[in-house]
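Remarks on the overall topology
Next come the chains, spelled out residue by residue.
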Amino acid sequence: MSKTILVTGGSRGIGRATCLLAAQRGWSVGVNYLKDKAAAQSAVAEVERSGAKAVAVAGDVSSESDVIAMFEATTKALGALDGVVVNAGVAATSSRLVDMSVERMRKVFDVNVLGAYLVAREAARRMNKSRGGNGGSIVLISSVASRIGAPDTYVDYAGSKAAVDAMALGLSKELGREGVRVNAIRPGVIETEIHATYGEPERPYKIGASTPLGRPGTANEIAEAIVWLLSDASSYVTGAIIDVTGGR
Ligand code: NAP
């Protein structure tokens, strides 16, 4: 029997690599995206080529009604959920706090904090055994920024990811007896489009060169850790925050 996951921001970058790897391991996949429908459709087509089922579900994670709708669309197409990857996130252009606008900070906190909490809440409502669910695994995507603070660049983003770390700690304790495991991954600098989106395409290579492993990570290296946390291979792991940072 195939198991079903929903990956927010599953159309590009780390989310897309997770959808493809999970599909190869036998999962059916709900691929959430915000606006790039073509990227979501190509992720779905690639999942289907690997023999798994997938559905593209549009929606903004910072909108409660969109979050509820993306869960409903996924379960309608693929069946009850066994795992949710809380991955969708935004960064921002490098800046010191003194120069940050309220609009920028609001967007970072709306998507990365409120969005993550709304998606995790909806996951718990559907997977908790006391609410008729089968239990499952929630994987939160944090960042190494939560541990290093990202001075002179994105202290707002770092704070938003620290909230994600705190959710992993608290929610894992809340949901353990519900049969739901909750863990977080802290990626280091990873080769995705997020850096070019905010005007720094060379950032992964500059920062990656200074890590102990001497290079940036790939989306697939993060997906490997995520899919392990989704799977029964990690059945006694909950409340963990795992660094996948090349030693940074
Ligand atoms: P990415 O390549 O920029 O992809 C972002 C994905 O999120 C896209 O699928 C995008 O959909 C979706 N998305 C953005 N805002 C959304 C919203 N409000 N609602 C729903 N979906 C939304 O990003 P990435 O580098 O893979 O990053 C994924 C996660 O890893 C983020 O949480 C990020 O903070 C974290 N992370 C990344 C790195 C890194 O170096 N890449 C390091 C540490 C942590 P559309 O294409 O439709 O807009």
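Structure's up top.
Residues numbered from 1 in each chain as written. Predicted model: local features only at pLDDT ≥ 70, side-chain atom pairs only at ≥ 80, totals over all residues. Heavy atoms only, no water.

Roughly 250 Å³ of volume is contained in the second largest pocket. For the second largest pocket, the lining is made up of 16 residues, of which Gly135, Gly136, Gly179, Arg181 and Asp232 are closest to its centre. Partitioning the lining of the second largest pocket into residue classes produces three nonpolar, eight polar and five charged. (1 Å grid on protein atoms, 1.4 Å probe; cavity = no way out; pocket = protein on both sides within 12 Å on 5 of 7 lines; lining within 4 Å. Points joined across faces, edges and corners; volume = space filled by probe spheres on them. Nonpolar A, V, L, I, M, F, W, Y, C, P; charged D, E, K, R; others polar.)

Before going further, it helps to examine the site of the ligand. If you check the shell around the ligand, you find 31 residues, and the closest are Ser11, Arg12, Lys35, Tyr157 and Thr192. Here an oxygen atom of the ligand and a side-chain polar atom of Arg12 are 2.7 Å apart. About the coverage of the ligand: the protein hides 96% of its 910 Å² of free accessible area. Counting only elements with at least two residues in the shell around the ligand, the list comes to helix H1 (13–24), strand S2 (27–33), helix H6 (155–175) and helix H7 (194–197). Class assignment of the residues belonging to the shell around the ligand gives a composition of 13 nonpolar, 12 polar and six charged. (Near = heavy atom within 4 Å. Polar contact = N/O pair within 3.5 Å; in protein donor to acceptor, adjacent residues only side chain to side chain. Areas by Shrake-Rupley, 256 points an atom, 1.4 Å probe, with all protein chains shown as cover. Helix = DSSP H or I, 4+ residues; strand = E, 2+ residues; numbered from the N terminus.)

Turning our eyes to something else, we now look at the sheet that holds strand S6 (residues 180–187). Whether parallel or antiparallel, the strands of a sheet pair through hydrogen bonds between backbone atoms. Strands sit in the order S3-S2-S1-S4-S5-S6-S9 across an open sheet of seven strands; the sheet is parallel. The open sheet has two edge strands with one neighbour each: strand S3 (54–58) and strand S9 (241–244). Adjacent strand axes in the sheet meet at a mean angle of 20 degrees, parallel and antiparallel pairs treated alike. Pairing analysis gives five bridges linking S2 to S3, with the strands arranged parallel. Pairing of Val31 across the sheet is with Ala56, part of S3. Packed onto the sheet, H1 meets strand S1 (3–7), S2, strand S4 (83–86) and S6 and runs at close to 165 degrees relative to S2. (Pairing = 2+ DSSP bridges. Axes fitted to C-alpha atoms, helices over the stretch in contact; angles between N-to-C directions. Contact = heavy atoms within 4.5 Å.)

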